[in-house]
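# Per-entry structural report
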Amino acid sequence: MQGVRNSGSETLDISGILEDSPSDPIERALFTSYYVDEEWLLSYINPLAELAIIAQHTVNAVSGDNSRITRCFPEMPKADVQIMHTKIMLVYYRHRLRFVVLTGNLVKEDWSVMQNAVFVQDFERNGAVVFRANEFSRSLAYALHDLGVPRDFVAMMNGVDFSLASARIVTSVPTGGVREQRNMDEYGVERLATVVRELGVDEENVGVSAQNIDEFTPNARLYCVGSSVGPMDNKWLCDMYLGAHGINHSQCKRPISPGVLPWDLVDIGVAFPTQKQVDSCRYGEVGRQHVYMKRGCYFNKEFPRSSLVYLVPRVARTLVHAKVVLARFGVRQRRGWMYLGSHNFTPAAWGRLCVGGESRRDAYFNNYEFGVVLDNVEFMDVGENTESDVLWRGEKIALPFRYIWEPYKQDEMPFFSE
């Protein structure tokens, strides 16, 4: 995190992120979340700040004179199933903008009971200057436009210097409506592939694309953390695995041959709490209501059960609500990238590609999502079957879970939310 002190053992609360003080008050802010507790959130913000809020569900909505609050509602082509799941903050102070990407909701229990992660970076703000746009600011502006954020709020970004942005943005938007056949390759796993390829993280596959896929060499291991697991199958995991290497699978005009990417070379661990872990959680129902997996999903014959690995929270007898992907490359697997944001490791979030069929669209997405990719991530292993440290720019990342690759035991079952 830049702008907020960081150490490997640090925890951070909502007041430490918002830092609203008389000497440097919040002037304006955007909050997006699946759940928002308005009464709780506004207790940390001065009464003069102008706010924009986007939420799928609002609890304890502020009543009375709330003219300072603008509630935005993004397009939902299929409102009965599609959801707004992004979790970001844009907090404007007089001389800076604080950019925050969250894995938790804006409700009290996600900041007190559940284990989450956050990315923070501060940027210089000067309303008298129009700064040059770059890839980061354009990606952020596109994301805000997708979410239906008021134009005057987006325009405030002109006075922010994003030249020192240290992450790349990846978003998803629901398929349908005006986007049915437009730019869907700029979201989800396809956007991830573009970012990874441009960062050049996978040195062994530089130059390999969908057009010369036969030259692809699988050399990554993915550790994928989420609080929700959806209807995965081997094909979807293969698509995610290729995307993690920087290959836009949807550009293939034919199905990829099993000989190019045999299933036993798709090295992906899906980290999710077991039934025993949830039963032993000291917060009971408050904790378990934030973890989701259907029994029918797990017992579907296509579900890759062998990909499940233990998700060990850093604080005992709690549950992890973070959404993180750790990707490491090469023989020694010392370097790679990290994703942090709202995307659970599900087809609804990352997209399900439509390749080689009759569909006119490249992919189907169900959710609005937002996250960031960090490159030049280092992985430090102490020994076999022990916790690995994850470093970015020389500093240990304070993950809310222990990065230990351990497959489920044969008799272990994931938690089912029914």
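Here, the structure is the one placed above.
In this numbering scheme, every chain counts its residues from 1 along its sequence in written order. Only residues with pLDDT of 70 or above have their local features reported here, since the model is predicted, and side-chain atom pairs are shown and tallied only from 80 upward, although totals for entire chains, interfaces and linings are computed over all residues. Computation of side-chain values covers all heavy atoms of the structure but excludes hydrogens and water.

### Examining the overall build of the protein
Strands here mean DSSP runs of E at least two residues long; helices mean DSSP runs of H or I at least four residues long; both are numbered from the N terminus. Looking only at helices and strands, one finds 10 helices and 22 strands in the protein. Taking 2.2 N^0.38 as the reference for a compact globule, 418 residues should give roughly 22 Å; the C-alpha atoms of the protein span a radius of gyration of 21 Å, in line with that estimate. For each residue, the accessible area found with a 1.4 Å probe, counting protein chains only, is set against the maximum for its type, and the residue is called buried under 20%, exposed over 50%, and partly exposed in between. Out of the 418 residues in the protein, the part that is buried amounts to 55%. We call two residues contacting when some pair of their heavy atoms lies within 4.5 Å. Excluding contacts between residues fewer than 6 apart, the proportion of contacts in the protein whose partners are at least 24 apart in sequence is 73%. With an accessible surface of roughly 18500 Å², the protein has 48% of that area assigned to carbon and sulfur atoms. The convention is simple: Lys and Arg are positive, Asp and Glu are negative, and His and the chain ends are not counted. A charge is said to be at NZ when it belongs to Lys, at CZ for Arg, at CG for Asp and at CD for Glu. Where the 44 positive side-chain charges of the protein centre and where its 52 negative ones centre are 1 Å apart. Throughout, radius of gyration means the C-alpha value; the globule benchmark is 2.2 Å times the number of residues raised to the power 0.38. The Shrake-Rupley method, run with a 1.4 Å probe, gives the accessible areas here. Residue values count only the displayed protein chains as cover.

### Observations concerning unusual backbone geometry
The phi dihedral of R317 is positive, around 60°, even though this residue is not glycine. Even without being a glycine, R393 presents a positive backbone phi close to 55°. Among the structural elements, R393 can be located in the loop between β20 (388-392) and β21 (395-396).

### Notes on the pattern of salt bridges
Between side chains of opposite charge, a pair can form as their charged atoms come close. Just to be clear on terms, a salt bridge is a Lys or Arg side-chain nitrogen sitting within 4 Å of an Asp or Glu carboxyl oxygen. Evaluated as defined, the whole model comprises 23 salt bridges. The partner of R98 in a salt bridge is D122, and the shortest N-O contact between them spans 2.7 Å. Of this pair, R98 sits in strand β6 (residues 96-102) while D122 sits in strand β7 (residues 118-124), and the two are 24 residues apart along the sequence. Residue class for R98 comes out buried when judged on its relative accessible area of 0%.

### Quick word on the environment of G284
As for its position among the elements, G284 is in helix α8 (residues 284-288). Sequence separation of G284 and R317 is 33 residues, and the distance between their C-alpha atoms is 10.0 Å.

### Description of helix α3 (residues 135-146)
For α3, with 12 residues, the first-to-last C-alpha span of 17 Å sits near the 16 Å given by 1.5 Å per residue. Among the residues of α3, F136, S137, S139, L140, A143, L144 and D146 are the ones counted as buried. N or O atoms closer than or at 3.5 Å make up a polar contact, with two conditions inside protein: a donor-capable atom paired with an acceptor-capable one, and, for residues adjacent in sequence, both atoms drawn from side chains. With a side-chain oxygen positioned 3.2 Å from the backbone nitrogen of F136, the residue opening α3 is N134. G148 lies just past α3 and shows a positive phi near 80°. Helix span is expected to be 1.5 Å times the residue number reduced by one.

### Considerations on the nonpolar core
The biggest cluster of nonpolar side chains holds 109 residues, and the ones touching the most others in it are F99, L140, Y223, L326, W337 and F345. With 23 residues, the next largest nonpolar core counts I17, L41, I69 and V120 among its residues. Take the buried residues of types Ala, Val, Leu, Ile, Met, Phe, Trp, Tyr and Cys, join any two whose side-chain atoms come within 4.5 Å, and each joined set is a nonpolar core.

### Let's talk about the sheet that holds strand β3 (residues 69-71)
By way of backbone hydrogen bonds, the strands of a sheet pair with one another, either parallel or antiparallel. Pairing within the open sheet is mixed, and its six strands lie in the order β3-β2-β1-β5-β6-β7. Strands at the two margins of the open sheet, each flanked by one partner only, are β3 and β7. Sheet twist, expressed as the average angle between the axes of neighbouring strands with direction ignored, equals 20°. One ladder, built from five bridges, connects strand β5 (residues 88-92) with β6; its direction is antiparallel. Residue pairing across strands places L90 opposite F99, the latter belonging to β6. Structural elements are reduced to axes, namely lines fitted to C-alpha atoms, with helices fitted over the stretch in contact, and the angle between N-to-C directions of any two is expressed from 0 to 180 degrees. Packing of α3 onto the sheet brings it into contact with β1 (28-37), β5, β6 and β7, and relative to β5 it is tilted by some 110°. Strand pairing follows a simple DSSP-based rule, namely that at least 2 bridges must link the two strands.

### Topic: empty space enclosed by the protein
Cavity means a closed set of points on a 1 Å grid over the protein atoms alone, one where a 1.4 Å probe fits but cannot get out, pocket means an open set with protein on both sides within 12 Å along at least 5 of 7 lines, and lining means a residue has an atom within 4 Å of a point. Grid points are joined across faces, edges and corners, and a volume is the space filled by probe spheres set on the points. The tally for this structure, following the rule as stated, stands at four cavities of 30 Å³ or more. Empty space within the largest cavity amounts to approximately 50 Å³. At the level of secondary structure, the elements contributing two or more residues to the lining of the largest cavity comprise α3, β8 (168-172) and β19 (367-381). Ranked by the residues each element gives to the lining of the largest cavity, the list is headed by β19, at three residues. Split by residue class, the lining of the largest cavity holds five nonpolar, three polar and two charged. Around the second largest cavity, the lining residues are R314, E387, S388, D389, V390, K396, I397, L399, F401 and Y403. Considering every element that reaches the lining of the second largest cavity, the biggest residue donor is β20, with three residues. Ten residue types, Ala, Val, Leu, Ile, Met, Phe, Trp, Tyr, Cys and Pro, are classed as nonpolar, four, Asp, Glu, Lys and Arg, as charged, and the remainder, Gly among them, as polar. When the residues that make up the lining of the second largest cavity are grouped by side-chain class, the tally is five nonpolar, one polar and four charged.

### Considering the environment of L97
As for its placement among the helices and strands, L97 is situated in strand β6. Separated by 59 residues in the primary sequence, L97 and M156 place their C-alpha atoms 9.9 Å from one another. Among all residues touching L97, those that are not within four sequence positions of it are L90, V91, Y92, Q121, D122, F123, R125, V160 and F162.

### Comments concerning the packing of aromatic side chains
For this analysis, a ring pair means two rings from Phe, Tyr or Trp (six-membered ring only for Trp) whose centres lie within 6.5 Å, classed as stacked if their planes differ by under 30 degrees, edge-to-face if by over 60, and tilted for the remaining angles. Under the defined criterion, the tally for this structure stands at 23 aromatic pairs. Seen from their ring centres, F99 and F136 are 5.2 Å apart, and the 80° between their planes marks the pair as edge-to-face. Of this pair, F99 sits in strand β6 while F136 sits in helix α3, placing them 37 residues apart in sequence. Exposure class is identical for F99 and F136. Each is buried. Above the ring of Y93, the side-chain terminus of R96 is found at 3.8 Å from the ring centroid. Only when the NZ atom of a Lys or the CZ atom of an Arg is both within 6 Å of the ring centre and within 35 degrees of the ring normal do we say a charge sits over the ring. R305 extends its terminal NZ or CZ atom over the ring of Y298, reaching a point 5.2 Å from the ring centre.

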